[in-house]
Amino acid sequence: QLQLVESGGGLVEPGGSLKLSCAASGFTLDNYAIGWFRQAPGKGREEISCINYPDRTTKYADSVEGRFTISRDNAKNTVYLQMDSLMPAATAIYFCGAVWMALACVIPSVVVWGQGTQVTVSS
């Protein structure tokens, strides 16, 4: 079964940091772009960041540019999202999704979704 599993979420104070992981099982992340998405309470799912294969080029939403960093470790079949300077507006469920490399890294192109991990930024 093709699966992505997110981990690393939790409660963090404003200004703090978290590092999320997205681990693949049942398939290799080679040939896939991997995106991070989030859904805040009462809002729709939004695109946050994406990392391509094989060139590892990245993109970020304006809302996280300069504070979030996406990376991938092909040997571990895992993609990461380092989140720094977190503010309460970042509170959301964070999802990773796999996109076949020929497709744009956008929500309609995701072929495998993770289950999500909760990030809460609060004092």
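Placed above this text is the structure.
These numbers come from a predicted model, not from an experiment. Per chain, residues are indexed from 1 in the order of the written sequence. The predicted origin of the model limits local features to residues at a pLDDT of at least 70 and limits the giving and counting of side-chain atom pairs to 80 or more, whereas totals for whole chains, interfaces and linings rest on all residues. With hydrogens and water excluded, all non-hydrogen atoms of the structure serve as input to the side-chain values.

Participant: An account of the environment of Val121 is needed here, citing residue identities and associated values.
Facilitator: Strands here are runs of E lasting at least two residues and helices are runs of H or I lasting at least four, both read from the DSSP assignment and numbered beginning at the N terminus. Tracing the backbone through its elements, the reader meets Val121 in strand S11 (residues 117-121). Only protein chains enter the accessibility calculation, which uses a 1.4 Å probe; a residue whose area is less than 20% of its type maximum is buried, one above 50% is exposed, and one in between is partly exposed. On the basis of relative accessibility, which here comes to 3%, the residue Val121 falls in the buried class. Sequence separation between Val121 and Val99 is 22 residues; the distance between their C-alpha atoms is 28 Å.

Participant: An account of the sheet that holds strand S8 (residues 78-83) is needed here, citing residue identities and associated values.
Facilitator: Pairing between strands is defined by DSSP: at least two bridges between the two strands are required. Pairing is antiparallel in the open sheet, where four strands are placed in the order S1-S3-S8-S7. Strands with a single pairing partner mark the edges of an open sheet, and in this sheet they are strand S1 (3-7) and strand S7 (68-73). On average, each strand axis in the sheet is tilted by 15° relative to the strand beside it, whichever way the strands run. Relative to S8, strand S3 (residues 18-25) runs antiparallel, the two sharing six bridges. Paired with Cys22 across the strands is Val79, a residue of S8. Helix axes are fitted only over the stretch in contact, all axes being lines through C-alpha atoms; the angle between N-to-C directions runs from 0 to 180 degrees.

Participant: Give a description of the state of the cysteines that names residues and reports values.
Facilitator: Only a pair of cysteine sulfur atoms within 2.5 Å qualifies as a disulfide here. Tallied over the entire structure, the rule returns two disulfides. Each sulfur of the disulfide joining Cys22 and Cys96 lies 2.1 Å from the other. Across the disulfide from Cys22 to Cys96, rotation about the S-S bond amounts to roughly 75°, and the bridge is consequently right-handed. Taken together, the positions of Cys22 in strand S3 and Cys96 in strand S9 (residues 92-100) put the pair 74 residues apart, joining distant regions of the chain.

Participant: Pulling in residues and values, what's your account of the pattern of salt bridges?
Facilitator: The term salt bridge refers to a pairing of a side-chain nitrogen on Lys or Arg with a carboxyl oxygen on Asp or Glu at a separation within 4 Å. Inspection of every chain in the model, using the stated rule, returns one salt bridge. In this structure, Glu46 engages Arg38 in a salt bridge whose closest nitrogen and oxygen atoms are separated by 2.8 Å. Owing to a relative accessible area of 30%, Glu46 belongs among the partly exposed residues under this scheme.

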